[in-house]
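A closer look at the structure
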Amino acid sequence: MTPLALRIALIHLRARGRQTLVSLLGVATGVGFSIAMAALMQGSQLDFINKIIDATPHIMIKDEFRNPAEQPAARRYADGAVALDGAKPTEELRGIKGAGRTVTQLEAMPGLVVAPILRGQVVIRYFGKDEAAAIVGIDPERHRRVSQLAGDIRDGRLDDLHTAANGLIMGDGLARKLGAGMGDTVTVSSPAGVVFKMKIVALFHTGVISLDEGEVYALLKKVQVLQDRQNVVNRIYVKTDDVYGAFDQARAIEARFGYRAESWDEANQDILEALKIRNVIMYTVVAAILLVAGMGIFNVVSTITFEKLRDIAILKSMGFREADIRAIFVLQGLIAGTAGSMLGWALGFGLCQIMSSIEFKVRFATDLTQLPLYYSPWHYAIATVFAMTAAGLAAYIPARRAARVDPVDIIRGAA
Amino acid sequence: MTNEDRQPLVVARNVTRVLPAAVPVTLVHDIDLDIFGGEVMAITGPSGSGKSSLLYLLGLLDRPTEGRIEIDGADTAAMNSDALARLRLERLGFVFQFHFLLPEFSALENVMIPMRRLGRLDEASMTARATDLLGALDLGDLVRKRPDQLSGGQAQRVAIARALANDPAVLLTDEPTGNLDSKNSAAVFDIFEKLAREDGRAVVTVTHDLDLAGRADRRVELVDGTVVSDRHQH
Ligand SMILES: Nc1ncnc2c1ncn2[C@@H]1O[C@H](COP(=O)(O)OP(=O)(O)OP(=O)(O)O)[C@@H](O)[C@H]1O
Ligand SMILES: [Mg+2]
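Thresholds, definitions, all that
Residues numbered from 1 in each chain as written. Chains lettered and ligands numbered in written order. Predicted model: local features only at pLDDT ≥ 70, side-chain atom pairs only at ≥ 80, totals over all residues. Heavy atoms only, no water. Near = heavy atom within 4 Å. Polar contact = N/O pair within 3.5 Å; in protein donor to acceptor, adjacent residues only side chain to side chain. Areas by Shrake-Rupley, 256 points an atom, 1.4 Å probe, with all protein chains shown as cover. Helix = DSSP H or I, 4+ residues; strand = E, 2+ residues; numbered from the N terminus. Nonpolar A, V, L, I, M, F, W, Y, C, P; charged D, E, K, R; others polar. Phe/Tyr/Trp six-rings, centres within 6.5 Å; stacked < 30°, edge-to-face > 60°. Buried < 20%, exposed > 50% of the residue type's maximum accessible area, 1.4 Å probe, protein only. Lys NZ or Arg CZ within 6 Å of the ring centre and 35° of its normal.

**Concerning the site of ligand 1**
Neighbouring ligand 1 are 14 residues, the closest being Arg412(A), Ser47(B), Lys51(B), Ser52(B) and Ser53(B). At the site occupied by ligand 1, the surrounding residues belong to chains A and B. Interatomic distance of 2.6 Å between a side-chain N/O atom of Arg412(A) and an oxygen atom of ligand 1. Here an oxygen atom of ligand 1 sits 2.8 Å away from a polar atom, N or O, in the side chain of Ser52(B). In isolation ligand 1 has 630 Å² of accessible area, and contact with the protein removes 62% of it. Of all the secondary-structure elements, those providing two or more residues to the shell around ligand 1 are β2 (25-35) and α1 (51-58) of chain B. If one sorts the elements of the shell around ligand 1 by residue count, α1(B) sits on top with three residues. Of the residues contributing to the shell around ligand 1, the split by class is four nonpolar, seven polar and three charged.

**Section: the packing of aromatic side chains**
Evaluated as defined, the whole model comprises nine aromatic pairs over all chains. Note on Tyr283(A) and Phe386(A): the rings are 6.3 Å apart at their centroids and 20° apart in plane angle, and the pair reads as stacked. With Tyr283(A) in helix α12 (residues 269-307) and Phe386(A) in helix α15 (residues 377-403), this pair connects stretches of sequence that are 103 residues apart. Its relative accessible area of 28% is what places Tyr283(A) among the partly exposed residues. Through successive ring pairs, a cluster of aromatic residues spans Phe94(B), Phe96(B), Phe98(B) and Phe100(B). The ring of Phe98(B) has Arg310(A) lying over it, and the distance from NZ or CZ to the ring centre is 4.2 Å.

This is the structure in structure tokens:
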């Protein structure tokens, strides 16, 4: 039975060759662009996530608490109607208490690499020029393993921090603004009133302006003295082997040590949400293309059913059931969907090839970049499922109408 | 053997068909017929008397609004459209004034379509049977021709072969010779007589041609949707 329905379906489509081709190209366009866009979208998304994962700590422990400390009065009268007015938290020099022990305990956990940090503000002066900057006190051996700083250094090395008495690694943008260069000595003063003379031992370049013009690095011990906060750290950076388990690990760390521990995905939540929305938009566009393709198929199959009313009538009088007639025309939709999808695979693959061969320059970057593309058979499968569903539905509507044709009406009319 | 001893292949009992409308149209009214194998039955009557309407009812293409149609003794009133389609496929064959051959298929393939739907024979047996049917109707040389390459009489004979594809017990034809000249008409009627007398089929044929109607074994005359005479001839 099916081979006959298939043959009739094919014959009808061939008789409407041009219209069939147009509908088929509609499907191919939908499928092709959907594949190419999926590769680009997922590619850029993964590229972005990988950059975040490489460039930032997977988990950052801060000297903060997720909920503000309870006021003693509120604790005392837990169910009472107590209103506290003008309660101010006591000014305290913040920091992670017992940071040394915390670092040791974290390092004992499998899969974690840990680096303590003291971050604070300073003003840097060089021959009458003042620039505010963030100074990050690091332990180079540990820091090397949680950050890309070592890789971003253009002149000098991370270890050069040890060579000079007061070594400083400076962003190249900041150095340019100060007019300072390698080996120059700048004056660094902290809010605590301590002033150091520090020597630029290395310059780094990340490509991110806010970092290149706003950050300097020095040894943790020096920064603690500079900020007058001996033995204090206010950040702990953690890298984990299980990047996608970072959220749960952060939760566990926070529960254990009390300090706010933020995973990379929590810290970049808004961006990740935006990526999701972007995916929704993409699939909406693809659905719209396929809707148009579906309309093309609806058109062909509709036209054919009207042209072939006599054939439908005689087939029904011969003993074809409604389902048999429906099958013929739904098959036409599926044939157009299948052929269109296969053309679409070629188109999608071709578009990806073209996109991957494009090289271009991003502003503020010196290197040529390529579009980040991600290839997955799923992109082909999903686009095809969408296309086949659209094609099947588009054909089903006229097919159902054709199957319900009353042969008596047609046979009377043709006599 | 008389008709009383045999089971009729098709029975119409008090069959009335009214088209629902603001002013309902009665196509046929209170028809009683028992149709037996082995005879050619002609239905005649003036234009608009309900001949085609009756044929569609007997052929299960339409349903009566009153009364019932039986095929092989089974009431068809309660059957769903799939069951009716099955009966048409296995027991009934139609030939209309227009041949209704599928234009893209050869004569042979047109004849094979009902066989394929029934699916009882393999490809070789279907081809052999269709070739035989066409050969018996003197179309042996034309099996590969498309409908548009056939004359009116040839196309109509292909349509007859197609109607016989699944060896139906009843052949229902509506002015099958309406588009044919008298020579071709007579040839078609010869075929009908052979199908009835040699194969024992029931052949019901609506015709305007009174000469042909005169050749039938039985003649039913309709006027205004009712049977006004029902006579055996010869
Ligand atoms: N769909 C319809 N709506 C209204 N009237 C109809 C319809 N179909 C048939 N009729 C009427 O029913 C009557 C019977 O029609 P039918 O086709 O059965 O006649 P007939 O005997 O076959 O005529 P003819 O010899 O011209 O083929 C006619 O008067 C016709 O006009
Ligand atoms: Mg008629």
